[in-house]
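# Descriptive structure summary
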Amino acid sequence: MLRPSVAQDSGPALHRESRRYMSVAQRQTEGPTIPVPTPRVILVLNGPNLNMLGVRQPEIYGRETLADLEAACRAHAASRGFEVDFRQSNHEGELIGWIQAARSSAAAVVINAAAYTHTSVGILDALSLLEVPVIEVHLSNIHRREAFRHHSYVSLAATGSIVGLGGRGYLLAIDAVAGLLDGK
Ligand code: DQA
């Protein structure tokens, strides 16, 4: 039976690059080498109430729905050579679980933690476990709004933050990831 394992040779450029993103299955020790590149995934996380985009305070958050944002992120990421794993949850623990799992599954994380931005040490601690780029996004400019939105726990673990540019902020975050990982 063919068992995948870690490639030993320096290999062609494509394989050298893809080895950085090999899956756990490829790190088994027995059998011949079968280098199968794992697609580079950007985990895009959305916190509470963002499932209501489009109907929720459109004067602040716009008319775009979360599905619109997801489609735009997918297309934009594909043009940069990435896949998007796009998720939303109204539950802090679920978001924390997804962030923890990103340690082995994502090349970068883009996060709009929504209201948890301003309250969640748990999300900060989970993000602090990551060794990949973390880009914080907010549709609105949180610094022009109520004082309780001015502080962000997420910022303490973020590589960078983009606020106030609506859905375009997500696309700029993907550009930032491509720039950080690929020097583009
Ligand atoms: C938000 C800003 C947060 O203060 C708010 O709680 C949200 C959305 C934004 O994208 O502008 O839910 O993260």
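Located above this text is the structure these notes cover.
Residues numbered from 1 in each chain as written. Predicted model: local features only at pLDDT ≥ 70, side-chain atom pairs only at ≥ 80, totals over all residues.

### Describing the overall build of the protein chain
- On a plain count of helices and strands, the protein chain comes out with six helices and five strands.
- Looking at the protein chain residue by residue over its 184 residues, the buried ones come to 30%.
- Sequence separation of 24 or more characterises 70% of the internal contacts of the protein chain that already satisfy a separation of 6 or more. (Helix = DSSP H or I, 4+ residues; strand = E, 2+ residues; numbered from the N terminus. Buried ≥ 20, exposed ≤ 12 C-beta atoms within 10 Å, placed from the backbone. Contact = placed C-beta atoms within 7 Å.)

### Concerning the sheet that holds strand β3 (residues 108-112)
- Taken in spatial order, the five strands make up an open sheet running β2-β1-β3-β4-β5, and their pairing is parallel. Every other strand in the sheet has two partners, leaving β2 (83-88) and β5 (160-163) as the edge strands with one partner each. Within this sheet the neighbouring strands show an average axis-to-axis angle of 20°, counted without direction.
- In terms of strand pairing, strand β1 (residues 41-46) meets β3 through five bridges, oriented parallel. Within the sheet, the bridge partner assigned to L43 lies in β3 and is V109.
- Relative to the sheet, helix α3 (residues 66-79) contacts β1 and β2, its axis offset from that of β2 by approximately 160°. (Pairing = 2+ DSSP bridges. Axes fitted to C-alpha atoms, helices over the stretch in contact; angles between N-to-C directions.)

### Focus on the site of the ligand
- Close to the ligand lie N49, N112, A114, A115, T117, H138, L139, S140, I142 and R149.
- By residue class, the composition of the shell around the ligand is four nonpolar, five polar and one charged. (Near = placed C-beta within 6 Å. Nonpolar A, V, L, I, M, F, W, Y, C, P; charged D, E, K, R; others polar.)

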